[in-house]
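Structural overview for review
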Amino acid sequence: MTTGTGGVTARVPAKVNVQLAVGGRRPDGFHGLANVFLAVGLHDEVTASPASPADGGQGPQLTVSGPDARHVPLDGSNLAARAARLLAERHGREPHVRLHIAKDIPVAGGMAGGSADAAGALLACDALWETRTSPDELRALGAELGSDVPFALVGGAALGQGRGELLTPLETGGTFHWVFAVADGGLSTPAVYRECDRLREAAGTGADADSVPEPRPSQDLLDALRTGDAAALAAAMANDLQAAAVSLRPSLTDTLKTGTAAGALAALVSGSGPTCAFLARDSGSASVIAAALEDSGHCRAARVTTAPASGATLVE
């Protein structure tokens, strides 16, 4: 769908990991995962517009607006720019495109905002260039960019295995109410994984793939998603990276305690953090939790939303 300026806009969701089971470190340095994704109603929008070589540079031209825009890289390391280049290369064309990212997903917050932007760039550029890439191929391209990118394309709920990129859609039976406490600054995902390995070694359990059990999804958690039972989901939620994130950012303990004391059914660090996620009983409870978090001073902002949300979609 084109905008009035000849561009195409894709809307892409954030995610929360309601279960993140992390296996041991493999010889290639990665960790096997059983990663239960849930797309939530916080979104970025990525607009792809025509550009020519005369506009400067051979690659995508990138601009960003919105909260935390100053923290988003504008060089070739940006995942959205990399996505546009990868799609252009796949179709044998030059990546002459302007990309504008309107940010609303917290940056470096464990909610896969960068991955969402990559998914948005793939979808928007494919529509702008009329390259007619199949959904399966878009997901495969996304997997080359990062483990969370394919899920941003799919949305809803899904089990991610391998490094998280092998997706199995999951049934959800209702609407779940969430509050996200946005922290100041970010946490490096590689640093959190290294700290997870360090903590495992310090505990004497070992950190390699031979020492850590194969990660598997919780059947209780999958059942709770399927039936829409928020209390059962709360009881089954878990994040194997939470201890590492809290070790690197001890102040997250106060954030988690504040949301729990305000009535959250469950509290956990979202992905590799530092955003904290709180599952609420209903919309009213979510509002109370958000107000308590904002009053506490333990977070920069508290965002209320629901899940599941749709994956990347083209919008007017």
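Figured I'd write up the structure that's included with this text.

About the criteria used
- Residues numbered from 1 in each chain as written.
- Predicted model: local features only at pLDDT ≥ 70, side-chain atom pairs only at ≥ 80, totals over all residues.
- Heavy atoms only, no water.
- Helix = DSSP H or I, 4+ residues; strand = E, 2+ residues; numbered from the N terminus.
- Buried < 20%, exposed > 50% of the residue type's maximum accessible area, 1.4 Å probe, protein only.
- Contact = heavy atoms within 4.5 Å.
- Core = buried A, V, L, I, M, F, W, Y, C linked by side-chain atoms within 4.5 Å.
- Pairing = 2+ DSSP bridges.
- Axes fitted to C-alpha atoms, helices over the stretch in contact; angles between N-to-C directions.

**Some points on the side chain of N35**
Of note, N35 is situated in strand β2 (residues 31-50). Judged by its relative accessible area of 3%, N35 falls in the buried class. The residues touching N35, leaving out its near neighbours within four places in the chain, are N17, Q19, L20, D148, A158, L159 and G160.

**As for the nonpolar core**
V18, L99 and W178 are the most contacted members of the largest nonpolar core, which has 67 residues in total. A total of 10 residues in this core trace back to one element, the largest contributor, which is helix α2 (residues 113-129). Not counting residues within four places of it along the chain, the set of residues in contact with L99 comprises V46, T47, A48, P60, Q61, L62, T63, A80, A81, A84, A121 and C125.

**Digging into the sheet that holds strand β9 (residues 266-269)**
Strand order in the open sheet formed by four strands is β9-β10-β7-β11, with antiparallel pairing between adjacent strands. Looking at strand neighbours, the two that pair on one side only are β9 and β11 (301-307), the edges of this open sheet. Taken pair by pair, the neighbouring strands of this sheet meet at an average axis angle of 25°, ignoring direction. Sheet topology note: the β9/strand β10 (residues 276-280) ladder contains four bridges and is antiparallel. Bridged to A266 within β10 is L279. Contacts from helix α9 (residues 252-261) reach β7 (176-182), β9 and β10, with the element oriented near 10° to β10.

**With respect to the pairing of β7**
Along any regular strand the residues' side chains alternate between the sheet's two faces. Summarising burial for β7: seven of the seven residues are buried, a large majority. The pairing of β7 with β11 spans seven bridges and is classified as antiparallel. Paired with F180 across the two strands is R303, which belongs to β11. With five bridges connecting them, β7 and β10 associate as antiparallel partners.

**A short note on unusual backbone geometry**
With an omega of 5°, the peptide bond running from G273 to P274 counts as cis. Going from A307 to P308, the amide bond is cis rather than trans, its omega being 5°. Tracing the chain through its elements places P308 in the loop between β11 and β12 (313-315). The backbone phi angle of D68 is positive, close to 65°, even though this residue is not glycine. The topology assignment puts D68 in the loop between β3 (61-65) and α1 (79-90). The phi torsion at E130 lies on the positive side, around 55°, for a residue other than glycine. Position of E130 among the secondary structure elements: in the loop between α2 and α3 (135-145).

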